[in-house]
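Descriptive analysis of the structure
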Amino acid sequence: MVAAGLGAPVTAMDDLLNDFLAETAEILAEASGALVAWEGDPADRERLDAIFRSVHTIKGSSGFLSLPRITALAHAAEDALDQVRRGHRAADAALVTAVLGVVDRLQELCAALGKSDVEPQGDDSAIIDALAGTGETPASTRPVPSDREPDRFEEEDLSLDLQAWRSIRVPLPLLDSVMTGVTDIVLARNEFGRMLRASGVDASVVAAFDRLSDSIAAMRQSVSQMRMQRIDKLFAPLPRIVRDLAQDLGKKVQFTTSGGEVELDREMMENIRDPLIHIVRNAIDHGIEPLDQRVAAGKGVTAHLTVLARQSGNQIEIEVRDDGRGLSPDALVAKAVASRLVSAAEARALTPKQKLELIFRPGFSTAAKVTSVSGRGVGMDIVKANLEKIGGIVELRNEEGRGLSIVLRMPMTLTIISGLMVRAAGQYFAIPRGAVREILLENSDSVRIDRVGGGELVTVRGEQFPLLRLEAILDCEAGEDEDADERAVVIVRPGQGQSYAISVAAIHDHEELVIKPAAPPIMATGLYAGTTLPDSGQPVLLLDVQGVMAAAAIDASDVERSEGDGPGAPEDEVREMAQLLLFRDTDQRLRGIRLSVIERVEEVPAAALFESGGAVRAQIGERIFPVHAARLPETDAAVKLLRLYDGRSILCYPIDAVIDIVRLPDAIQPAATPGLIAGVVLVGGDPVELIDPFWLMERCDPATSIAAVPQRQPLCSLAGDEDGWGNNFLAPLLRQAGYRVAGADDAHAERPDVLLCLADDPAQCRIDGDVPMIRLRASLAAAGPEDETVYRYDRQALLEALHARLTKGAA
Amino acid sequence: MMDNLYLVARIADTRVALRSRAINSVVTVGTPVRVPAAPPYVAGLFALRSRVLTLIDPHVVVGLPPVPVVEGQRVIVVDVAGHGYALLADEIEDVCFIDAPERRIAGKLLPGWARVADAVIEHRGASLLVVDPAELIVQPVAHAA
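Cut-offs used in this document
- Residues numbered from 1 in each chain as written.
- Chains lettered and ligands numbered in written order.
- Predicted model: local features only at pLDDT ≥ 70, side-chain atom pairs only at ≥ 80, totals over all residues.
- Helix = DSSP H or I, 4+ residues; strand = E, 2+ residues; numbered from the N terminus.
- Buried ≥ 20, exposed ≤ 12 C-beta atoms within 10 Å, placed from the backbone.
- Contact = placed C-beta atoms within 7 Å.
- Nonpolar A, V, L, I, M, F, W, Y, C, P; charged D, E, K, R; others polar.
- Axes fitted to C-alpha atoms, helices over the stretch in contact; angles between N-to-C directions.
- Parallel < 35°, antiparallel > 145°, perpendicular 65-115°, else oblique.
- Left-handed = near helix turned anticlockwise from the far one by under 90°.
- Pairing = 2+ DSSP bridges.
- Expected span 1.5 Å × (residues − 1).

For chain A, the helix and strand inventory stands at 24 helices and 34 strands. Buried positions account for 34% of the 811 residues belonging to chain A. Look at the contacts in chain A between residues 6 or more apart in sequence, and 64% of them connect residues 24 or more apart.

Often the size quoted for an interface is simply the accessible area lost on bringing the parts together. If you look at the interface, chain A gives 25 residues, while chain B gives 20 residues. For the side of chain A that touches chain B, the secondary-structure elements that each account for two or more residues are helix 8 (172–199), helix 17 (380–389) and helix 19 (520–523) of chain A. Of the residues contributing to the side of chain A that touches chain B, the split by class is 14 nonpolar, 6 polar and 5 charged.

Attention now moves to the packing of helix 5 (residues 93–116) of chain A against helix 6 (residues 125–132) of chain A. Residue and element names in this part refer to chain A. Contact geometry of helix 5 with helix 6 gives a least axis separation of 8 Å together with a crossing angle of 155°. Put simply, helix 5 runs roughly antiparallel to helix 6. The way helix 5 lies across helix 6 gives a crossing that is left-handed. Listed contacts from helix 6 to Ala98, Val99, Gly101, Val102 and Arg105 of helix 5 are Ile127, Ala130 and Leu131. Here the contact of helix 5 with helix 6 is composed, by residue class, of 6 nonpolar, 1 polar and 1 charged.

A separate point is the pairing of strand 10 (residues 126–131) of chain B. All names here are of chain B. In this structure, strand 2 (residues 14–19) lies alongside strand 10, joined through 3 bridges in parallel fashion. Across the sheet, the residue bridging to valine 16 is leucine 129, located in strand 10. Two elements, strand 9 (residues 117–123) and strand 10, share 6 bridges in a ladder whose sense is antiparallel. Considered in strand 10, the bridge of alanine 119 is made with valine 130. Count of turn residues in the strand 9/strand 10 antiparallel hairpin: 2 residues, of which arginine 124 carries a positive phi of about 45°.

What follows deals with helix 5 of chain A. Residue and element names in this part refer to chain A. Under the 1.5 Å per step criterion, the end-to-end length of helix 5 is 35 Å for 24 residues, consistent within 8% with the ideal 34 Å. Among the residues making up helix 5, those that are buried are Leu95, Val96, Ala98, Val99, Val102, Val103, Leu106, Leu109, Cys110 and Leu113. Remark: aspartate 117 follows helix 5 within two positions and exhibits a positive phi of approximately 65°.

With that settled, consider the sheet that holds strand 9 of chain B. Residue and element names in this part refer to chain B. On the basis of which strands lie adjacent, the open sheet formed by 5 strands has the order 8-1-2-10-9 and mixed pairing. Strands at the two margins of the open sheet, each flanked by one partner only, are strand 8 (91–97) and strand 9. Sheet twist, expressed as the mean angle between neighbouring strand axes with direction ignored, is 30°. The pairing of strand 1 (residues 5–11) with strand 2 spans 6 bridges and is antiparallel. Note that in strand 2 the partner of arginine 10 across the bridge is arginine 15.

Turning our eyes to something else, we now look at the pairing of strand 7 (residues 83–88) of chain B. For a regular strand, side chains alternate in direction, first toward one face of the sheet and then toward the other. Residues and elements named next belong to chain B. Burial analysis of strand 7 places 5 of its 6 residues in the buried class, which makes it a mostly covered element. As judged from the 3 bridges shared by strand 5 (residues 51–56) and strand 7, these two strands associate in the parallel manner. Within strand 7, the position partnered with threonine 54 by the bridge is tyrosine 85. One ladder, built from 6 bridges, connects strand 6 (residues 74–80) with strand 7; its direction is antiparallel. Each residue of the ladder has a partner; that of valine 75, found in strand 7, is leucine 88. Taking the residues that link successive antiparallel strands as the turn, the strand 6-strand 7 hairpin has 2 residues, and the phi of alanine 81 there is positive, at about 50°.

Quick look at the environment of A:Arg361 now. Residues and elements named next belong to chain A. With respect to the element layout, arginine 361 can be found in the loop between helix 16 (352–356) and helix 17. Look at arginine 361 and you get partly exposed, because 17 C-beta atoms sit within 10 Å. Put simply, arginine 361 and aspartate 381 are 20 residues apart on the chain and 5.7 Å apart in space, counted from C-alpha to C-alpha.

Structure (structure tokens):
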């Protein structure tokens, strides 16, 4: 680095180095996520190519900056990956671990570079050797080499690199100052507009002002887009964290993310990065039980951890959901009392919700002991504080023993939204325009309001919505000088498939609003999404339509609304809506089945499955269940089974992996013929085959199934069984057919449903009460046409006779 | 040295010396906008240029009944955790350097004051409670439970 000593080029070099560091940090974060994903699916060529391009880019730029250690590391990783690309080498866990090792070392080096501007001295040979240390693919399993020339790869990579150059890096503070500037311009414009209107100036001045207004609106649109980033970026490091942590702790975790295409303001993203990582770590460390405890709790060994992002209106929700042990409110209280966060008296007064929220108290750590993983001094209190800083909230959805969902809700952006200004209780409130479906005057002909059971319903052109009065939600008196003719109903859509109506004293107008997060005590009410300063210069609260819905505890789902779902229905019903379990079938197809028919997901060793009588069955514990499979799976590994339950019998359906639980889409493309697949639905843009549980269950006839769940089985009493034939030969047959059998001697308090007389003389088979009787005869031929006896080895006739007697008895 | 610069004021019927570090400015308040459903110590919102400030009534924070806001009343603007707050003041006396040392609070205070006051300081022949304005803004324990 002679140039650095000469003075002038120093800044240019520094800029290049900073760019390199920023870019490399980004590439590395994405690459480790991609590597873990690729490990799960080594056939994914696109992903491999992407990883290869990443290290290739790092190699190229580091060579230019003369950073020999980084170049050597990137080169080694590139070599190894290239061998896989050409089919000379198999992708295995060892290789992925080795490449991850390179990624880690590169991150360390970059961190050191950022501090000292000089690549530190050191030896990377161990890491580079680890790359070479994995075995070669046997020739037979080598993929067919691509017909393209090897050199073509390089060309293709470079063309993609050029794409990356079409964007520039801008320092975040600069972007922020542009944003603040635009915000101030908008506020100044609003004030100016107000003054113009008041002064009653010439129309040409107003027209010029409107043109200015339009370009300002367009500009702020572009600026907000500049600040938006796909949430993918936030998710990129998570797979790696989950993989490493799960390995350290000896847990099996299936990690999935969804909603990566949701966009979020950069600044928001910075603020939730650490909280999100902390929550994910917590989930694996504390939430997900060790393997043996999971088995004992009847859960699959593999835990499911899902991070999903979704946008509803102006809000972004990020949910981290695990199927671990959940939070125990009592344990939390005990711990809080032990660590003197609350007194015993205070603790007794806590509601269940407040007990859970103890985890947000500073100094609270849920782990029985601080572990190396989560106990790093970052607590849920920091998570909450970070969220509140950006006007967000943290919600806990706890199911003790079954899992915990932590939901981070935050405004999509600190920028400008279009808002509807309404009046209630003598002041103004804003409703995000994006959430408003329709506005109607209360006294309009198409609106009918009914008071039912303390709640109110509004019917608009045949569609019914729960109606909330804004004054009632906010617990305020109605304002003075309000005109009943002005009252309006605003139908809002808080989320997909939900809607309800808010009744307000009057509608004011639409305005472009600069939304700022409100202070934590205001956000904590759950009713507001932020504050804003409209043209009037008086602060206005922005209503959180989702929070209002939650506070009022109404069922706002659109489903079956026409059947007359009333307000005040428990919120749980929202959750009971048809849900779809997405899974990968054993033939690797993406399929879905209604969650409600699944009793549980079970993981059993392959040895638990066996073939008998041409059907595959599974032994689980003490019971045997039919399995929907043509033949035994060809694997020694554990088999995942969906246990379907129709209320009577159980059928096991082997699958490859559970992917997610989603809401069952309304649009189903039905299959042409009845069969395993009832139809196809689109979930997140992917076609999913919907399993027909009726067809499945129909095929495993519950009447003859071994798995028939004990229910009210008819009781057969055997009489006159002197030689034990009944007990030895007949009883097993009857039991298999679903009857209970009692000998004549058994002291049964219960009256039998049918009596089987085995003696030649019916007089021997007397029983109290009126019980239908079937007489069995030992001879094949009947005594005559009047003979109602049944030959004792005629299985079919016997079962039919039993059935006939029983149905007659019931009628 | 900003460390011994204090704002001497009367808040919640008590003369206090507020540490000046977190204090942004002292302004007068117009008519605040109510925040329905918010905790009682939130006295409303008001606009200061392009910012929206949350008005805090220290009376409620220390456990006294709320006091209505008078137009033109002076408020102390404080930034805590990225949010702007304004503390309602009964009276603003002075901004001054106090060289006397902060001492441990000897007597027994009302529980509300005991929570927010850090020390006492001697100023012009009177003992003043030393309060960090941020302490008046964090959610009072009594309301948290």
